[in-house]
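Working through the structure, step by step
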Amino acid sequence: MAVYVALLHYPVYNKEKRVVATSLTTLDIHDIARASRTYGIKKYFIVQPIENHLWLANKLLSFWQGGHGREYNPKRWEALKLVKAVPYFENVLEEIEKENGVKPKVVVTSAREYENSISFECLRDRIRSGENVIICFGTGWGLTEEFIKSADYILEPIRGATDYNHLSVRSAAAIILDRLLG
């Protein structure tokens, strides 16, 4: 079993439902890396096509993965060594296929309900049975419909005690990883 995570800054929507590339948030890198390390994620990919933002992600990663940050905070290094920044999702699939010999099943997350979504329990069972997956999280106002429809699985949304459903991606990632791998 190999479980990967991807945080996509493209293709996502902005609040006007236009397809955009969103800005990099360094807290997302750190916090999702820590959750990924906690739950045994094989690799966490940052998908960021904006050249300056990709440069910033790689600069931050070089500090923590091999620079002064590794000595300063070994626990943070342990989490951030799982992270790789790439410009496009196709790069992610190519790297995983090269590593494992097969493409992983693509799992998308959304706060929206979909008729054909898979439950946490069902996906957890598939992972435990050895299925390799990449769990995709979107930034901005969520992954595009086209990207969602191209996935192998659409994970059911997180439901709380109220009808409010607008978690930060960092919070959603931690909850989802716990439900699937905890």
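Criteria and cut-off values
Residues numbered from 1 in each chain as written. Predicted model: local features only at pLDDT ≥ 70, side-chain atom pairs only at ≥ 80, totals over all residues. Heavy atoms only, no water. Phe/Tyr/Trp six-rings, centres within 6.5 Å; stacked < 30°, edge-to-face > 60°. Buried < 20%, exposed > 50% of the residue type's maximum accessible area, 1.4 Å probe, protein only. Lys NZ or Arg CZ within 6 Å of the ring centre and 35° of its normal. Helix = DSSP H or I, 4+ residues; strand = E, 2+ residues; numbered from the N terminus. Pairing = 2+ DSSP bridges. Salt bridge = Lys/Arg side-chain N within 4 Å of Asp/Glu carboxyl O.

Per an unreviewed UniProt entry, the protein is named tRNA (guanine-N(1)-)-methyltransferase C-terminal domain-containing protein, and its organism is Desulfurobacterium thermolithotrophum.

1. What about the packing of aromatic side chains?
In the structure shown here, the tally under the stated rule is three aromatic pairs. Between F63 and W64, the ring centres sit 5.1 Å apart and the planes meet at 90°, which makes this aromatic pair edge-to-face. By relative accessible area, F63 is classed as partly exposed at 34%. Note on W64: relative accessible area 11%, which makes it buried. A cation sits over an aromatic face here: R70 above W77, 4.0 Å from the ring centre.

2. A word on the pairing of strand β1 (residues 3-8)
Regular strands have side chains that alternate between both faces of the sheet. Of all the six residues making up β1, six are buried; the element is thus mostly covered by neighbouring parts of the structure. Of the two faces of β1, the one carrying V3, V5 and L7 and the one carrying Y4, A6 and L8 are both buried. Across six bridges, β1 lies against strand β7 (residues 133-138) in parallel orientation. Across the sheet, L8 pairs through a bridge with G138, a residue of β7.

3. Concerning unusual backbone geometry
Note that the residue after Y10, namely P11, is joined by a cis bond; omega there is 0°. In this fold, P11 is placed in the loop between β1 and β2 (12-13). Non-glycine residue K17 carries a positive phi angle of around 65°. Note that K17 resides in the loop between β2 and β3 (19-20).

4. Observations regarding the pattern of salt bridges
It is possible for side chains of opposite charge to pair when their charged atoms get near one another. Throughout the structure, instances matching the rule amount to 10 salt bridges. Here E16 makes a salt bridge to R18, at a shortest N to O gap of 3.3 Å. Residue class for E16 comes out partly exposed when judged on its relative accessible area of 47%. The partner of E95 in a salt bridge is K43, with the nearest N and O atoms 2.7 Å apart. Taken together, the residues E95 in helix α5 (residues 89-100) and K43 in strand β4 (residues 43-47) connect sequence positions 52 residues apart.

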